[in-house]
Amino acid sequence: MIRIGAVGDVHLGVDMRGTVRPSYADIAEHADLLLLAGDLTRLGTVAEGEVVADEFAGLDVPVIAVLGNHDHQSDAEDKITGLLTDRGITVLEGSATVLDVDGVRVGVAGGKGFGGGFAGKCGHAFGEREMKAFIHHTEEVAERLRTALQGLTADIRIALTHYSPSAETLRGEPPEIFPFLGSYQLAEAIDASDVDLAVHGHAHYGTESGTTAGGVRVRNVAQPIIQAAYRVYTLEPAAVEPAYPR
Amino acid sequence: MIRIGAVGDVHLGVDMRGTVRPSYADIAEHADLLLLAGDLTRLGTVAEGEVVADEFAGLDVPVIAVLGNHDHQSDAEDKITGLLTDRGITVLEGSATVLDVDGVRVGVAGGKGFGGGFAGKCGHAFGEREMKAFIHHTEEVAERLRTALQGLTADIRIALTHYSPSAETLRGEPPEIFPFLGSYQLAEAIDASDVDLAVHGHAHYGTESGTTAGGVRVRNVAQPIIQAAYRVYTLEPAAVEPAYPR
Amino acid sequence: MNVPQYDVAELRRALAEDPRTAELGVQVRIRGDQLFLTGDVACPERRAAIAEVAAEHSDGLALHNEVRVVRHDPPTGQEDLR
Amino acid sequence: MNVPQYDVAELRRALAEDPRTAELGVQVRIRGDQLFLTGDVACPERRAAIAEVAAEHSDGLALHNEVRVVRHDPPTGQEDLR
């Protein structure tokens with residue numbers, strides 16, 4: 001049994017240094033790894049990124065993160081990624097990583113994602129430059145996620161994003177802002193591979209549980225939703241195929 | 001009594017040359033001017049712009065237009081504006097014009113507008129570059145509309161946009177796409193001046209009648225809504241203030 | 001995997017972004033193996049183009065083109081906003 | 001003209017775009033002359049900053065800061081997804 005710890009939208013600021021780490025001191029008792037589903041910072045500054053590194057680096061379990069929209073606010077996303085990586089936190093953006101947990105290969109592919117809305121009620125790359133740029137950004141991040149998932153060889157496969165791949169985990173949010181909360185294109189990328197669990201954040205007023213259109217379980221771990229330092233989900237790798245014919 | 005003819009989203013293509021003009025042959029019997037609320041073309045090409053000019057130039061009443069998102073699809077909006085202007089059609093973009101109709105000054109300020117959504121359920125200029133660019137475009141066009149309206153001296157004052165300033169005239173559209181259909185910032189610009197009527201298009205599944213939050217009448221004249229060559233609205237200038245105290 | 005939602009999304013995207021159609025206002029519904037298209041377009045040629053593009057994205061679905069051509073009649077009345 | 005919708009919009013925009021707050025998840029309601037703020041933020045300082053920014057945009061309204069600080073407790077259970 002693999003125990004996945006996950007939280008999103010911790011929104012650390014320089015005023016929060018040292019306040020969060022104590023909640024993760026005993027994380028190895030609860031989880032085998034920790035996923036951070038974006039919006040690690042508030043304003044996306046390097047100073048805030050350093051607080052994130054101080055709070056989450058060197059925990060007793062591996063930490064895998066994606067960035068969120070807040071982490072892009074100051075155009076310092078590359079620097080934040082660099083300093084987290086230097087401190088041993090894996091940051092995914094259209095990329096994947098595989099951990100060995102007691103002999104089970106746990107694969108995580110991830111990226112920030114973006115908006116646009118959900119199938120049948122979404123924006124299109126048509127019209128003004130600003131509209132095309134908005135939708136093209138979604139297409140690009142979804143395509144990179146698809147590629148990362150397809151290249152992932154593992155016993156358990158997880159998709160980690162900041163934006164939501166499902167409208168179901170947005171229940172509680174006004175439908176009028178769904179285009180700013182997620183995109184079906186993320187789910188389409190997820191459903192194109194065998195994925196066991198999709199984890200996201202971003203939707204503070206949404207709902208924890210949902211599925212993609214293709215039936216993959218989705219969990220919204222935005223901290224205002226889970227009201228805890230992190231959530232734990234347990235997964236079991238699919239039974240090993242017997243080597244002899246049945 | 002001033003008779004305002006208005007239609008949006010005629011979506012002319014090169015396959016429609018000559019098909020539309022007959023409907024406007026007797027327009028002077030019905031209206032004193034014609035407003036075109038954007039999406040004059042389908043792909044926003046110069047060739048389509050020429051069809052628009054051929055169909056609408058030289059009618060028996062003045063024609064005042066704004067462009068829509070379709071008219072921006074091919075980055076030829078300036079050329080389309082130029083060729084329509086050359087043919088005597090007034091094209092507004094953060095600008096205004098005043099017509100004299102039987103001694104009544106009819107003022108029209110207009111622009112394309114853009115999306116973002118409505119008060120309390122809208123996007124913000126925060127996060128990724130693409131998100132900021134989207135909302136900043138709305139802010140810019142709304143600010144230009146506000147300035148154009150404030151500079152307008154007329155007896156009857158009309159705001160003409162392609163995108164909607166009101167969620168009320170979007171009833172019938174899925175709420176999930178409101179951010180792509182209009183913005184409260186357009187209404188705020190309209191409500192900052194004395195406006196008698198706001199006319200827009202763009203929302204094919206919306207509703208003809210609504211108001212701004214400040215109480216200005218709004219009409220959605222997208223052709224799929226009005227199912228006619230154009231609509232006619234009649235307005236009377238506010239009674240002249242008596243020169244003697246009552 | 002066959003996910004009708006993605007088929008709807010793919011067809012809507014094609015109708016919006018394919019220059020033969022460039023229609024953002026066509027609604028697409030798939031119910032069972034029946035495909036329904038609704039909306040209003042400017043001319044009969046546009047309606048035919050929608051069927052053409054839809055046929056390329058609707059393998060195995062029975063297409064019902066319920067798209068209408070908007071009417072261009074001169075106005076029969078006026079609304080008094082005084 | 002006093003339009004509560006625009007006051008709500010102005011305050012939401014300030015809470016989102018002002019670097020003291022940068023909060024996209026605070027809900028703003030004006031009912032009569034009462035202003036209600038709800039949502040969850042990361043720490044008490046953030047909650048105070050929201051009140052500070054709101055006070056600058058809510059002339060004549062009575063402010064009710066119902067914003068909560070999220071809990072950071074370790075998990076008390078787990079969800080079995082096997």
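Everything below is about the structure shown above.
Not measured: the values here are computed from a predicted model. (Residues numbered from 1 in each chain as written. Chains lettered and ligands numbered in written order. Predicted model: local features only at pLDDT ≥ 70, side-chain atom pairs only at ≥ 80, totals over all residues. Heavy atoms only, no water.)

Trainee: How would you summarise the sheet that holds strand β12 (residues 217-220) of chain A if you had to cite specific residues and measurements?
Mentor: All names here are of chain A. Reading across from one edge, β5-β6-β9-β10-β12-β11 is the order of the six strands in this open sheet, with mixed pairing throughout. Looking at strand neighbours, the two that pair on one side only are β5 (95-101) and β11 (209-211), the edges of this open sheet. This sheet shows a mean twist of 25° between the axes of neighbouring strands, independent of strand direction. Note: β5 against strand β6 (residues 104-111), seven bridges, orientation antiparallel. Bridge pairing links V101 to V104 in β6. (Pairing = 2+ DSSP bridges. Helix = DSSP H or I, 4+ residues; strand = E, 2+ residues; numbered from the N terminus. Axes fitted to C-alpha atoms, helices over the stretch in contact; angles between N-to-C directions.)

Trainee: Describe the packing of aromatic side chains, with residues and values.
Mentor: Tallying each qualifying case throughout the model produces 15 aromatic pairs over all chains. Centre to centre, the rings of F114 of chain B and Y163 of chain B are 5.5 Å apart; their planes meet at 70°, and the pair counts as edge-to-face. Of this pair, F114 of chain B sits in the loop between β6 (104-111) and β7 (117-118) while Y163 of chain B sits in the loop between β9 (156-161) and α5 (184-191); the two residues are 49 residues apart in sequence, bridging distant segments of the chain. Through a chain of ring-to-ring contacts, the aromatic side chains of F114, F134, Y163 and F180 of chain A together with F114, F134, Y163 and F180 of chain B assemble into a single cluster. (Phe/Tyr/Trp six-rings, centres within 6.5 Å; stacked < 30°, edge-to-face > 60°.)

Trainee: Got a sec to walk through the interface of chain D and chain A? Specific residues and values, please.
Mentor: Counting residues at the interface gives 28 residues for chain D and 33 residues for chain A. Between chain D and chain A we count three salt bridges in total. Of the charged contacts, one joins R219 of chain A and E79 of chain D as a salt bridge, the two residues approaching to 2.8 Å between their closest N and O atoms. The tally of links between chain D and chain A comes to 21 residue pairs in polar contact (both at pLDDT 80 or more). Secondary-structure elements contributing two or more residues to the side of chain D that touches chain A are α2 (44-55) and β6 (79-80) of chain D. When grouped by side-chain class, the residues that make up the side of chain D that touches chain A number ten nonpolar, eight polar and ten charged. (Contact = heavy atoms within 4.5 Å. Salt bridge = Lys/Arg side-chain N within 4 Å of Asp/Glu carboxyl O. Polar contact = N/O pair within 3.5 Å; in protein donor to acceptor, adjacent residues only side chain to side chain. Nonpolar A, V, L, I, M, F, W, Y, C, P; charged D, E, K, R; others polar.)

Trainee: Please provide a residue-by-residue account of unusual backbone geometry, values included.
Mentor: Residues and elements named next belong to chain B. In this structure, D9 takes a positive phi of about 60° despite not being glycine. Structurally, D9 is set in the loop between β1 (2-7) and α1 (27-30). Taking the relative accessible area as the measure of exposure, D9 reaches 3% and is therefore buried. Even without a glycine there, the phi angle at H202 is positive, about 80°. (Buried < 20%, exposed > 50% of the residue type's maximum accessible area, 1.4 Å probe, protein only.)

Trainee: Which residues make up the interface of chain D and chain B, and what are the values?
Mentor: The partner chain B presents 14 residues to the twelve residues of chain D that form the contact. Of the roughly 1300 Å² buried at the junction of chain D and chain B (both faces included), carbon and sulfur atoms supply 61%. The interface formed by chain D and chain B contains one salt bridge. The salt bridge partner of R13 of chain D is E139 of chain B, with a shortest N-O separation of 3.3 Å. (Buried area = accessible area lost by both parts, 1.4 Å probe.)

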